[in-house]
Amino acid sequence: TSTTGKSGFIPPVHFKEADEFSFIKSTLLTNFMFQSLPDNTLDKLVLAFDKVELSKSSTIIEQGDANIDYFYVISNGEVAVTIDGEQLPDPYGTLAEGTVFGELAMLYSIPRSATVTTKTDCTLYRVDRRTFRHFLDSQNPTEKEDVKTELRQIDVAIDKIAGVKTRYSGSIIRPFRPNRGWLWRRWTGTVLQHGYKGAIFNMAITAAISFFVGRRADCTWAVAMAPDQSHPVIARLAAFGKNWHYMQGLTTFILTFFLSQSYALWREMYSAARKIQGRLNDVGLLLATSAERDDNGKYTPEASECLDDVAAFTRLFHAFCYAKYASQYSILLSPRGMSRMLSRGLLSQSEFNVLQSIDPRVGAQNVCLEWMTIRALKGMEEGAIKEDEAVKHVLLAKISDLRGTYAGISDILDGRMPLAYAHIVQILTDVFVATAPAALYAELGVWAIFSCGVLTLFYSGLLDLAKIFLDPLDNDDWFQESVNMDIGVLIREGNAGSTRWKNGAEVLPF
């Protein structure tokens, strides 16, 4: 059966049992894309879904496919998400009951970005593209565009965490090779890329000075020779050049010191990020090696459940931790960001409900850290984890150290550099570079054109490099191809660590 819409399109209607109807509707409401639809419109959309049964290893969506046919809701079973033949790491690479997929290609009319195949026998509900767009087009146009924009921002953040989008091909920072030839051929992510325009500009100024002096000052020296120091114009420029050389020593010292201080901050931030990973791995190792086992040496069901719960809370903590400090992930802390995480299976309904109910000032990362701790202690009380006082003491010490480390990130970023210091270094460097053409021409003549280009590139480049080091999380969004850390790699490595120790001790050789 069907009903006629305002546009003349007749959306399909498929009979639903009450529990099926309720499941699809509640699942759609976890996605903020559907939350603004009127209730009667949402009901009609639910009725438009048809049910499909698929066996294990069936391909549902093929990466690159431009035939965007359906949007899916998983009723039961699991599906795997692969990109370029590789499955994304869990929890991003496995979708289960209550999650949705396939909507982005429909919204943006782009080819499928991933391949989705069934890991088990699955029951899915699906709605075709035309019906999907018919109901979404009933939204207010402005609101619809806002939803699409915000959805894209949220998914970009999630995709960075999942590894769909990487900054340096999966490395935390842009790697280098010690080979001289390889280094000379680099352009992207270097000060050459960032500073060449300033160098060309200063070379043009030097060339203009050379041309002006050559035409107006009755030069007595050849073009490629050093200027005559007795010439009145050159004598005046030479006096200016002496002052410039005094400034050169001061600028070099202050700038290199500024760079060393900036790099120290960058290293401090990097060390803190790695320490957070280390403490999370410590927690996983302690719990996995203290988990209760049966007579065959395998985890008891209660121990396995406890380890899985702590691992899930660990992943949430790690993501929300960087969402607090890195602007590119901060949207995940918004209600819509968490709603999207829920619809993609990264949050459970109960976790979502609790996070939405707390005062935002408490901090989602703090809540998840408390969940980790309480669940581990509860596991000890219930016997899922051996209640050993020494282990308990070390566990709480590691978690306390973890809390102190991640809380210290705000101190690192807040105190990165006083304004007055950065201000004087910027002015001193700019004045030094800007006066170089006039100062160097008296000594080098036309060769000052090349020298000014090199000097500008490296002095301005050192200052730019220092400012990049002062923004390790890329919150200023100042230089796109810089040395900022790829936070997504940190989070993915933490996700892998959340299950590493449990999986490593799943089977024992003794």
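Look a little higher up for the structure.
A brief structural summary.

What counts and what doesn't
- Residues numbered from 1 in each chain as written.
- Predicted model: local features only at pLDDT ≥ 70, side-chain atom pairs only at ≥ 80, totals over all residues.
- Heavy atoms only, no water.
- Buried < 20%, exposed > 50% of the residue type's maximum accessible area, 1.4 Å probe, protein only.
- Helix = DSSP H or I, 4+ residues; strand = E, 2+ residues; numbered from the N terminus.
- Pairing = 2+ DSSP bridges.
- Contact = heavy atoms within 4.5 Å.
- Axes fitted to C-alpha atoms, helices over the stretch in contact; angles between N-to-C directions.
- Disulfide = S-S within 2.5 Å.
- Patch = residues over 30% accessible without salt bridge, like charges linked within 9 Å, V, L, I, M, F, W, Y side chains within 5 Å.
- Areas by Shrake-Rupley, 256 points an atom, 1.4 Å probe, with all protein chains shown as cover.
- Salt bridge = Lys/Arg side-chain N within 4 Å of Asp/Glu carboxyl O.
- Parallel < 35°, antiparallel > 145°, perpendicular 65-115°, else oblique.
- Left-handed = near helix turned anticlockwise from the far one by under 90°.
- Nonpolar A, V, L, I, M, F, W, Y, C, P; charged D, E, K, R; others polar.

**Regarding the pairing of strand 4 (residues 79-83)**
And then number 1: Among the 5 residues that make up strand 4, 5 are buried, leaving the element largely enclosed by the rest of the structure.
And then number 2: Where strand 4 and strand 6 (residues 94-95) come together, 2 bridges link them in antiparallel fashion. Considered in strand 6, the bridge of V79 is made with L95.
And then number 3: Relative to strand 8 (residues 115-118), strand 4 is paired through 4 bridges, and the arrangement is antiparallel. Note that in strand 8 the partner of A80 across the bridge is T117.
And then number 4: With 2 bridges joining them, strand 4 and strand 5 (residues 86-87) adopt antiparallel strand pairing. Note on strand 5: the bridge partner recorded for I83 is E86.

**Describing the side chain of R375**
And then number 1: Checked against the element boundaries, R375 lands in helix 13 (residues 364-382).
And then number 2: Those residues in contact with R375, other than ones at most four positions away along the chain, are E305, C306, D309, V310, F313 and E382.

**Looking at the sheet that holds strand 9 (residues 122-128)**
And then number 1: Spatially, 4 strands are ordered 1-9-3-7 in an open sheet, and the strand pairing comes out antiparallel. Pairing within the sheet leaves two strands with one partner each, and these edge strands are strand 1 (50-54) and strand 7 (100-101).
And then number 2: Pairing of strand 1 with strand 9, which is carried by 5 bridges, proceeds in the antiparallel orientation. Each residue of the ladder has a partner; that of V52, found in strand 9, is L124.
And then number 3: Each of strand 3 (70-76) and strand 9 touches helix 5 (residues 129-136); the most contacted strand, strand 9, lies at about 65° to it.

**Let's talk about the state of the cysteines**
And then number 1: Inspection of every chain in the model, using the stated rule, returns 0 disulfides.
And then number 2: Unpaired in terms of disulfides, C306 finds its nearest cysteine sulfur in C368, a separation of 16 Å.

**Examining a nonpolar patch on the surface**
And then number 1: A surface patch of nonpolar side chains, about 360 Å² in accessible area, is lined by W187, L192, Y196 and I200.
And then number 2: Along the chain, Y196 turns up in helix 8 (residues 191-216).

**Topic: the packing of helix 1 (residues 18-29) against helix 3 (residues 39-48)**
And then number 1: Interhelical geometry of helix 1 versus helix 3 gives an angle of 120° and a closest axis separation of 10 Å. On the basis of their axis angle, the class for helix 1 and helix 3 is oblique. Handedness of the helix 1/helix 3 crossing: right-handed. Where helix 1 abuts helix 3, its residues F21, I24, K25, L28 and L29 lie against D39, L42, D43, L45, V46 and L47.
And then number 2: Residue composition of the contact of helix 1 with helix 3, grouped by class: 8 nonpolar, no polar and 3 charged.

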